[in-house]
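Coordinates in review
Next come the chains, spelled out residue by residue.
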Amino acid sequence: DENENSRYKRPKHTQHYLQHVHRAYEPVDDPLGPLPSHPHPHPHPHQYQQQHQQQYPQLQHAHLHTQSPEPAACELERTASGLSIRPDPTERCASTELLEDDEAAQRVRDHMAMFRRRFPDSKHERILRSIISPRANAEYPLDNDSLESIFSAANEMFFNGRLSQRVMWDWSHESSAQYDSKVIGTTALRRASTTTRGFETLIVLSSPILQDQKYSRRLLISTFLHELVHSYMFICCGFRARCYGGHTPGFKEIASLIDDWAGPDSALHLGEIEADLERFRI
């Protein structure tokens, strides 16, 4: 954590544990201007293809292959739709109230309890459960609309809307070789605009791994929800959420809460720092 140029990742693994560190990134002056607002919190990749090739200075988290050396830090990583991730170790103040790790987790615990009391059979819960555990012979490939539904439901049920207009997601670019075998997903953090204040995140999902038909769709669901927990912690706590490689006690508590809500049959394993791909192999 003392190394500003280090990275933290949630790796895939088969046998060994790999400790995660992460690199902190902050925004740089961008000739393209601030991140454009969009009606969706995490628009589909093609919507950025030509107009929004922004640089995302980031605080990054990912999944690695434990038997491979950690890749050297790139100066610029670009996603499939043209978004870029650019390192900058400067941690400037975001000018917004930040929570402590335990406070952020407690707010999720309290909101989940309140939400289930007020909406015992909510549409959001039915949708999310149907995606995680579809009826027999009713499984279907997860597309961008499915991820939108997961985001919307999780944002309302778990995070009390804190992710709205602050989280985007995209698929990895073919030139980013680490996503071929080492990295399953990353979360990048940058300071939001001066009018919005606070922080916003970009989730990058591994196209080669998460779209591989030899793995269950649960792997994509688990990875996406895992990254949403990171996004929540970064938005609420800022750069302090990078402690313990991003997997702070608060992060683990929230992941456990969602795992408990989903039930043992879902087998999402959100709290695992490393993703064991063998669990999800078909």
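The text that follows walks through the structure, step by step, so that each part is easy to find. Since we're looking at a predicted model, the values are computed, not measured.

**What to know about the overall build of the protein**
Scanning the protein for helices and strands turns up 7 helices and 5 strands. Shown N-terminal to C-terminal, the secondary structure of the protein runs as helices and strands in the order β-β-α-α-α-β-α-β-β-α-α-α. Within the span of the protein, comprising 282 residues, buried residues form 56% of the whole. Excluding contacts between residues fewer than 6 apart, the proportion of contacts in the protein whose partners are at least 24 apart in sequence is 78%.

**Re the side chain of Arg166**
Among the secondary structure elements, Arg166 is positioned in the loop between α3 (144–157) and β3 (167–171). It turns out Arg166 is buried and unbridged, and the closest side chain with the opposite charge, Glu200, is 5.7 Å from it.

**Notes on the nonpolar core**
By size, the foremost hydrophobic cluster in this structure holds 57 residues, and its most contacted members are Phe159 and Leu228. Sorting elements by how many residues they give to this core places helix α6 (residues 217–237) first, with 13 residues. Among all residues touching Leu228, those that are not within four sequence positions of it are Phe151, Ala154, Phe159, Leu163, Val167 and Ile203. Ranked by size, the runner-up nonpolar core spans 7 residues in total, among them Leu83, Tyr179, Ala188 and Val204.

**Let's talk about the sheet that holds strand β4 (residues 185–191)**
Read across the open sheet, the 3 strands follow the order β3-β5-β4; overall the sheet is mixed. The open sheet terminates on both sides in strands that have one partner only, identified here as β3 and β4. Shown here is a sheet whose adjacent strand axes are inclined to one another by a mean of 20 degrees, direction ignored. With 7 bridges connecting them, β4 and strand β5 (residues 199–205) associate as antiparallel partners. Across the sheet, the residue bridging to Thr187 is Ile203, located in β5. The sheet strands contacting α6 are β3, β4 and β5, and the helix crosses β5 at an angle near 160 degrees.

Thresholds applied
- Residue positions are counted from 1 within each chain, in the order its sequence is given.
- Given that the model is predicted, a residue must reach a pLDDT of at least 70 before its local features are reported, and side-chain atom pairs must reach 80 or more before they are shown or counted; all residues, however, enter totals for whole chains, interfaces and linings.
- Only hydrogens and water are set aside; all other atoms, that is, all heavy atoms of the structure, feed into the side-chain values.
- Helix and strand labels come from DSSP, where a helix needs a run of H or I of at least four residues and a strand needs a run of E of at least two; each type is numbered from the N terminus.
- The buried label goes to any residue with under 20% of its type's maximum accessible area, the exposed label to any with over 50%, and the partly exposed label to all in between, with areas taken from a 1.4 Å probe on protein chains only.
- Residue contacts follow a heavy-atom distance rule, with two residues in contact if any of their heavy atoms lie within 4.5 Å.
- Within this scheme the basic residues Lys and Arg register as positive and the acidic residues Asp and Glu register as negative, but His and the chain ends are omitted.
- In what follows, salt bridge is the name for a side-chain nitrogen of Lys or Arg lying within 4 Å of a carboxyl oxygen of Asp or Glu.
- Joining through side-chain atoms within 4.5 Å is the link that ties buried Ala, Val, Leu, Ile, Met, Phe, Trp, Tyr and Cys residues into a set, and such a set is a nonpolar core.
- By the convention used here, strands pair only if DSSP detects at least 2 bridges between them.
- Think of each axis as a best-fit line through the C-alpha atoms, taken over the contacting stretch in the case of a helix, with angles from 0 to 180 degrees between the N-to-C directions.

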